[in-house]
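# Observations on chain architecture
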Amino acid sequence: MKKLLLLFTTLFFVCAYSIASLPFNNNLSEKEIALLNEGNVLVRNIDYASKMCLESENEGAQRIISDIKKLKPSYLAEVIQIRPYKGNEDLPERLEDTLMNISNYVGIQYYSERAEAWYDLYEAAEILSDSMREDGITRDIKADLTMEPFGVINTTIEMTTHSDYIYYISTNENTLSYFDKFKCVKPQKMKSAILLFRDGDNWILYGAGGVNAIKIIFFEKRIETSFINRIKTFCNFIFDKI
């Protein structure tokens, strides 16, 4: 009996230590923590910024939390993975190269649950401008990304390569319409962000995508699925590529 009690006590403290040692808050369940510790990609549909699980003093983490909270999304998803630092020392360079290869976005495959078929996530991707800021670490890119059922998305991309983190965020600059039937997203109300930073012996890969969209009766669930599944598809593609 004493041995059994000792075993349960040890397991409890091991689990507690695992949760406490990671840069996440209590919005993550023990099951989700276990999945992350096993190296799996965790996807969370959370709807509201208050349910975000990231909690870290890292400057990049503070930026992504702030950017998503300012968006006040009505639809929101997180995509997270933990990777060991050892053996992945070049992960920042791999991530930057993958994110900046925007022409490859066209090859991303997206599965439509409603149609039960595969489609290109982006039908076209055209870079309009690409410039480096005076700080030498931040690139500003303007691109036209074509994504059905929303058509051409005039997109601004901000890419920061800092010594402590890599941070990518894209924002729509035009109004988006659903199959040209009705307007559903105003300018600067859709954001997709990916963050990489080191936390002790681990790399933390954290993606967050949100939309502050007009909720329309009878189409709300369909629009939510269209946005969130596409955000998850993009993050998973990037994580797989690196």
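Residues numbered from 1 in each chain as written. Predicted model: local features only at pLDDT ≥ 70, side-chain atom pairs only at ≥ 80, totals over all residues. Heavy atoms only, no water.

### With respect to the nonpolar core
Stated precisely, the cut-off is as follows: The term nonpolar core refers to a set of buried residues drawn from Ala, Val, Leu, Ile, Met, Phe, Trp, Tyr and Cys, joined through side-chain atoms within 4.5 Å. Three labels apply to residues, based on accessible area from a 1.4 Å probe with only protein chains included: buried if under 20% of the type maximum, exposed if over 50%, partly exposed otherwise in between. Secondary structure elements follow DSSP: runs of H or I of four or more residues count as helices, runs of E of two or more count as strands, with numbering from the N terminus. Any two residues having at least one pair of non-hydrogen atoms within 4.5 Å are treated as being in contact.
In terms of nonpolar packing, the biggest core is built from 44 residues, with Leu95, Leu99, Tyr105, Phe227 and Phe234 touching the most fellow members. Here this core takes 8 residues from helix 5 (residues 220-241), the largest share from any one element. If sequence neighbours within four positions are ignored, Tyr105 has contacts with Thr98, Leu99, Tyr122, Leu145, Tyr168 and Phe234. Of all hydrophobic cores here, the second largest spans 27 residues; its members include Leu42, Ile46, Ala49 and Cys53.

### A look at a negative patch on the surface
Just so we agree on the cut-off: Only residues whose relative accessible area exceeds 30% and that form no salt bridge are eligible for patches; like-charged ones are grouped when within 9 Å, while nonpolar side chains (Val, Leu, Ile, Met, Phe, Trp, Tyr) are grouped when within 5 Å. For every accessible area listed, the method is Shrake-Rupley and the probe measures 1.4 Å; residues are considered covered only by the protein chains on display. Any Lys or Arg side-chain nitrogen found within 4 Å of a carboxyl oxygen on Asp or Glu counts as a salt bridge. Charge assignment in this entry is limited to Lys and Arg as positive and Asp and Glu as negative, and neither His nor the chain termini are counted. Taken as the charge centre is NZ of Lys, CZ of Arg, CG of Asp or CD of Glu, depending on the residue.
A grouping of Asp120, Glu123, Glu148 and Asp180 is seen on the molecular surface, where their side chains present a negatively charged patch. Classification of Asp180 as exposed rests on a relative accessible area of 74%.

### Some words on the layout of surface pockets
The following threshold applies: Each cavity reported here is a set of points on a 1 Å grid over the protein atoms alone in which a 1.4 Å probe fits but cannot get out, each pocket an open set with protein on both sides within 12 Å along at least five of seven lines, and each lining residue one with an atom within 4 Å of a point. Grid points are joined across faces, edges and corners, and a volume is the space filled by probe spheres set on the points.
Estimates place the volume of the largest pocket at around 370 Å³. Lining the largest pocket are 18 residues; nearest its centre among them are Tyr110, Ser112, Pro149, Phe179 and Arg230. Counting residues per element, the ones that place at least two in the lining of the largest pocket are strand 3 (109-112), strand 4 (117-120) and helix 5. Of the residues forming the lining of the largest pocket, the biggest block, 4 residues, is contributed by helix 5.

### Side note on the environment of Ser103
Definition in use: Between N or O atoms, a polar contact is any pair within 3.5 Å; within protein, one atom must be a potential hydrogen donor and the other a potential acceptor, and residues adjacent in sequence are included only when both atoms are from side chains.
Locating Ser103 in the fold gives a position in the loop between helix 4 (91-100) and strand 3. Judged by its relative accessible area of 49%, Ser103 falls in the partly exposed class. In this structure, the C-alpha to C-alpha distance between Ser103 and Ile127, residues 24 residues apart in sequence, is 8.2 Å. A polar side-chain atom of Ser103 sits 3.1 Å from a polar atom in the side chain of Asn101.

### Some remarks on unusual backbone geometry
Negative phi characterises most residues that are not glycine, and trans characterises most peptide bonds. Between Glu148 and the following residue, Pro149, the backbone shows a cis peptide bond with an omega angle of 15°. Considering the arrangement of structural elements, one finds Pro149 in the loop between strand 6 (138-147) and strand 7 (151-161). Located in the positive-phi region is Lys72, a residue other than glycine, with phi close to 50°. As for its position among the elements, Lys72 is in the loop between helix 3 (59-71) and strand 2 (75-84). Of note, the phi angle at Gln188 is positive, near 65°, even though the residue is not glycine. With respect to the helices, strands and loops of the structure, Gln188 is situated in strand 10 (residues 182-199).

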